[in-house]
Amino acid sequence: MSSVAMQCLETEPKFNSNVVTINVGGQIFQTTKQTLTQAGTKSLLSQLAETTSKRFVDRDPDYFSLLLSLLRSGTFPSKAKDFDLRDLIEESRFYGLESLLTNSLTNPSHFDAFALQKSSILPLNGRDSPSAVATTPFASLHVSHGSKITSFDWSLT
């Protein structure tokens, strides 16, 4: 074997040591440890980044794909509009990404993927009772009810 081929074989494990393979619901995903650790130290994904054994998560791979895209780019892909927001929030809770999801939804450009509209009135006595309430460091309040998210800004009257 040539010395060039030997060098490639020797350096390949170093390159691959940063790549993490996760089986989610039977679908194989590959990403980097850096991407997974962006989820926060207490998240399941950060823990998976440090595990050297086989990684299997018995969850829906389609929702995992969306959350992985959020970690990679900070935004949702356009296919996100085809998914139920309530289910996406539930999946984000499972992986420990709820705060990342909530913070990403505070950016108005991210509402486009879900065709969400901001409203200033939250009908607390309506059929869709609030299922999640979150605040941001910027004094905004976000309330998930039904398939909608209502955002409140303290500066609005």
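Before reading on, note that the structure itself is shown above.
Below you will find a few notes about this structure. Nothing here was measured: the structure is a model prediction, and the numbers come from that model. (Residues numbered from 1 in each chain as written. Predicted model: local features only at pLDDT ≥ 70, side-chain atom pairs only at ≥ 80, totals over all residues. Heavy atoms only, no water.)

**Considering the packing of aromatic side chains**
Line of reasoning, step 1. Counted under the stated rule, the structure contains 4 aromatic pairs.
Line of reasoning, step 2. Arranged with centres 4.8 Å apart and planes meeting at 70°, the rings of Phe29 and Phe64 form a pair that is edge-to-face. One end of the pair, Phe29, is in strand E2 (residues 27–32); the other, Phe64, is in helix H4 (residues 61–73), with 35 residues separating them in the sequence.
Line of reasoning, step 3. Judged by its relative accessible area of 2%, Phe64 is buried.
Line of reasoning, step 4. Geometrically, the ring pair formed by Tyr63 and Phe83 is edge-to-face, given 5.0 Å between the ring centres and 70° between the ring planes. Residue Tyr63 is found in helix H4, and its partner Phe83 is found in the loop between H4 and helix H5 (85–95); the two are separated by 20 residues along the sequence. Both residues of the pair, Tyr63 and Phe83, belong to the buried class.
Line of reasoning, step 5. Taken together through their ring pairs, the aromatic side chains of Phe29, Phe64, Phe94 and Tyr95 make up a single cluster.
Line of reasoning, step 6. In this structure, Arg59 is placed above the aromatic ring of Phe94, and the distance from its NZ or CZ to the ring centre is 3.9 Å. (Phe/Tyr/Trp six-rings, centres within 6.5 Å; stacked < 30°, edge-to-face > 60°. Helix = DSSP H or I, 4+ residues; strand = E, 2+ residues; numbered from the N terminus. Buried < 20%, exposed > 50% of the residue type's maximum accessible area, 1.4 Å probe, protein only. Lys NZ or Arg CZ within 6 Å of the ring centre and 35° of its normal.)

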